[in-house]
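# Architecture at a glance
Here are the chains, one letter per residue:
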Amino acid sequence: MKLPSAPRIDLLEPAVMLATVLQWLILASLTGLVVGAGTSLFLHVLFFSTGRTQSVPLWIYWLLLPLAGLANGLLMGYARRRLEASGLKDSIFAAVHEQGGRMPWRTLWIKPVAAVITLASGGSAGKEGPCSHLGASLGAVIGQVFRLNADLRQRIVACGVSAGFASVFGTPIAGALYGVEMLIIGRIRHDFLFPALIAGVTSYQVSKALGIPYEHYAVDVLPVFSESLFLRTILVGMLCGLVARVFVDLIYAVRNACHRLQARWAIWPPLMPLMGGLVLALLVSFAIPTDYLGLSLPLMDRALAGETMPYAGFLWKTILVAVTLGSGFYGGIVTPQFVIGAVAGNAFAHLFGISPTLGAAVGLVSVVAAASNTPLAAILMGVELFGGAVGTLYAAGSAIAAYLIIGHRSVYPDQRLGYAKSSWMRVRPDIPVGQEKTRLSYGLLKGWRQMQTRGWRAWLGAGRSADGGDRNDAQS
């Protein structure tokens, strides 16, 4: 009997892999250095401007918010005209999936300036959107300067996004993974991971050296792992998945209503965020505390410290964010997820006999995992923000449960769908989540029809053949 020959060892492959590692050590470090400096400049300007308007009297918001809305509308209108002239979309997802790593660098400054105006006036949004946009744009510029091919430019844009998130949140590993995981639901580009990690760590170190403050939270030490506590944190995560769904749906609902109103009455586009500013001023004057304006980070700090939060707190923040972003202000979308998750988790914790601090930490991780469809990055973010005390298992169970509960929704309408979250559903791969309608699998539909016509016994029988039906559905 002849033995199979041993596989030939290709000496060229290790050399190529070594060259790849060295290549990205250089390119990703340069990207992290440039992005860290750029995001640090933005954050210092943001901290200075928001510090001047943080404690203004209530009546001042009636002036600040509408004027800021008008300024946002004018800036974004100018950006749209420049983008039409360039022929490129100013979107991270378009840059990676459609434009071969190219972004319009002439509009690079517009979104950071608009975000500073939004947050300084009290608009309810986040600070990470401009940082990820800066990171992607600066990464695209580096790719253009070095005349990289489209494949390498895609990676370097993803590096820039990861560097931006790592710099703004002070979570280099989670930020790096977030920038990669957010691109496609259910699929991670592993070839992006090493460059993203190098860029994220470098950017974080640069920002820390340039004086950007980062806060990490101490959570009460947990007892030895308990199956009961693990299951209860999953229940909190499921509720937070529903909270994330309300958050995403309300943002889309307000945005669509504003578009219909503008089209119906032929309203000049910059007036829409101006009217949104008036609505925000009205809400905080008569219904919602001003704590929920702006970044609302002190509110998150109080929730994580164990202070009791109201059940409606997450809804108040959601409404303000939806009006702010839906009417045409520009700002980030992840920081509000932090606040909403911490407030909701804190409020729901006592329903399951969990400490409010642990509930807030679990809620924060869960809402980020669900609304952004980034469960792995959210779990690592919990570990980096809270340390080992929060318990990786507790964060993981709640985050993945929330990620499943929200279904096929996302705060990023251009986020691509890689795989369906359930074997009972079907999606077309690589379609933006805002354009794709999920479908029930053939086997489930067949079983449901049989149950309706012949009762539950026929439905159980159909379940035995559902796998075969699903396979046929997948092949068709």
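Attention in this report is confined to the structure presented alongside it. (Residues numbered from 1 in each chain as written. Predicted model: local features only at pLDDT ≥ 70, side-chain atom pairs only at ≥ 80, totals over all residues. Heavy atoms only, no water.)

## A few points about the overall build of the protein
- Counting secondary structure elements, the protein contains 19 helices and four strands.
- For the protein, with 476 residues in total, the buried portion stands at 53%.
- Surface exposure of the protein reaches about 21500 Å², of which carbon and sulfur atoms provide 66%. (Helix = DSSP H or I, 4+ residues; strand = E, 2+ residues; numbered from the N terminus. Buried < 20%, exposed > 50% of the residue type's maximum accessible area, 1.4 Å probe, protein only. Areas by Shrake-Rupley, 256 points an atom, 1.4 Å probe, with all protein chains shown as cover.)

## Notes on the nonpolar core
- Counting residues in hydrophobic clusters, the biggest one holds 130 residues, and the most contacted among them are Phe247, Ile333, Phe338, Phe386 and Tyr412.
- In terms of residue count, the dominant contributor to this core is helix H9 (residues 227–265) (12 residues).
- Of all hydrophobic cores here, the second largest spans five residues; its members include Ile185, Leu417, Val427 and Val433. (Core = buried A, V, L, I, M, F, W, Y, C linked by side-chain atoms within 4.5 Å.)

## Considerations on unusual backbone geometry
- Even without being glycine, Ala266 reaches a positive phi, approximately 50°.
- Turning to its location among the elements, Ala266 is positioned in the loop between H9 and helix H10 (271–286).
- Phi is positive for Ser296, close to 60°, though the residue is something other than glycine.
- In this fold, Ser296 is placed in the loop between H10 and helix H11 (297–304).

## Regarding the packing of aromatic side chains
- If you walk through the whole model with that rule in mind, you get nine aromatic pairs.
- When the ring of Phe165 is compared with that of Phe169, the centres are 6.5 Å apart and the planes differ by 15°; the resulting orientation is stacked. Residue Phe165 and its partner Phe169 are both found in helix H6 (residues 150–169); the two are separated by four residues, about one turn of the helix. Summarising the burial analysis for this pair, Phe165 and Phe169 share the class buried.
- Through successive ring pairs, a cluster of aromatic residues spans Phe165, Phe169, Tyr178 and Phe338.
- Of note, Arg264 hangs over the ring of Trp265, and the distance from its end group to the ring centre comes to 4.5 Å.
- The ring of Tyr403 carries Lys421 above its face, with NZ or CZ at 3.9 Å from the centroid. (Phe/Tyr/Trp six-rings, centres within 6.5 Å; stacked < 30°, edge-to-face > 60°. Lys NZ or Arg CZ within 6 Å of the ring centre and 35° of its normal.)

## Re the pattern of salt bridges
- Under the criterion given, the structure shown has 11 salt bridges.
- Residues Asp291 and Arg302 are paired through a salt bridge, measuring 3.3 Å at the closest nitrogen-oxygen approach. Of this pair, Asp291 sits in the loop between H10 and H11 while Arg302 sits in helix H11, and the two are 11 residues apart along the sequence.
- For Arg302, a relative accessible area of 29% gives the class partly exposed.
- With a closest N to O distance of 3.3 Å, Glu307 and Arg302 form a salt bridge.
- Because the salt bridges share partners, they merge into one network encompassing Asp151, Arg155, Arg189 and Asp191. (Salt bridge = Lys/Arg side-chain N within 4 Å of Asp/Glu carboxyl O.)

## Points about the packing of helix H5 (residues 128–145) against H6
- The contact between H5 and H6 brings their axes to 7 Å, and the two run at 145°. Judged by the twist between their axes, the crossing of H5 over H6 is right-handed. For the pair formed by H5 and H6, the contact residues are Glu128, Cys131, Ser132, Gly135, Ala136, Gly139, Ala140, Ile142 and Gly143 on the first element and Arg153, Ile156, Val157, Gly160, Val161, Gly164, Phe165, Val168 and Phe169 on the second.
- Looking at the contact of H5 with H6 residue by residue, the classes come out as 10 nonpolar, six polar and two charged. (Axes fitted to C-alpha atoms, helices over the stretch in contact; angles between N-to-C directions. Left-handed = near helix turned anticlockwise from the far one by under 90°. Contact = heavy atoms within 4.5 Å. Nonpolar A, V, L, I, M, F, W, Y, C, P; charged D, E, K, R; others polar.)

## Digging into a nonpolar patch on the surface
- A cluster of nonpolar side chains, namely Trp59, Trp62, Leu63, Leu67, Leu278, Leu282 and Phe286, defines an oily patch on the protein surface of about 790 Å² accessible area.
- Considering each element in turn, the nonpolar patch owes the most residues, four residues, to helix H2 (residues 58–86). (Patch = residues over 30% accessible without salt bridge, like charges linked within 9 Å, V, L, I, M, F, W, Y side chains within 5 Å.)

## Regarding the environment of Gly135
- Among the secondary structure elements, Gly135 is positioned in helix H5.
- With 27 residues separating them along the chain, Gly135 and Ser162 place their C-alpha atoms 7.6 Å apart.
- Those residues in contact with Gly135 that sit more than four places away from it in its chain are Val35, Gly160 and Val161.

## Thoughts on the environment of Leu134
- When you line up the elements, Leu134 lands in helix H5.
- Exposure remark for Leu134: the relative accessible area of 7% places this residue in the buried category.
- Spatially, the C-alpha atoms of Leu134 and Gly38 are 7.2 Å apart, while their sequence positions differ by 96 residues.
- For Leu134, the residues in contact, after removing those within four places along its chain, are Gly38, Thr39, Phe42, Leu108 and Pro112.

## Some remarks on H5
- Over its 18 residues, H5 runs 25 Å from end to end, which matches the ideal 26 Å to within 8%, given 1.5 Å per residue.
- Within H5, 15 of the 18 residues are buried, leaving the element largely enclosed by the surrounding structure.
- Positive backbone phi, approximately 55°, marks Arg147, located one or two places after H5. (Expected span 1.5 Å × (residues − 1).)

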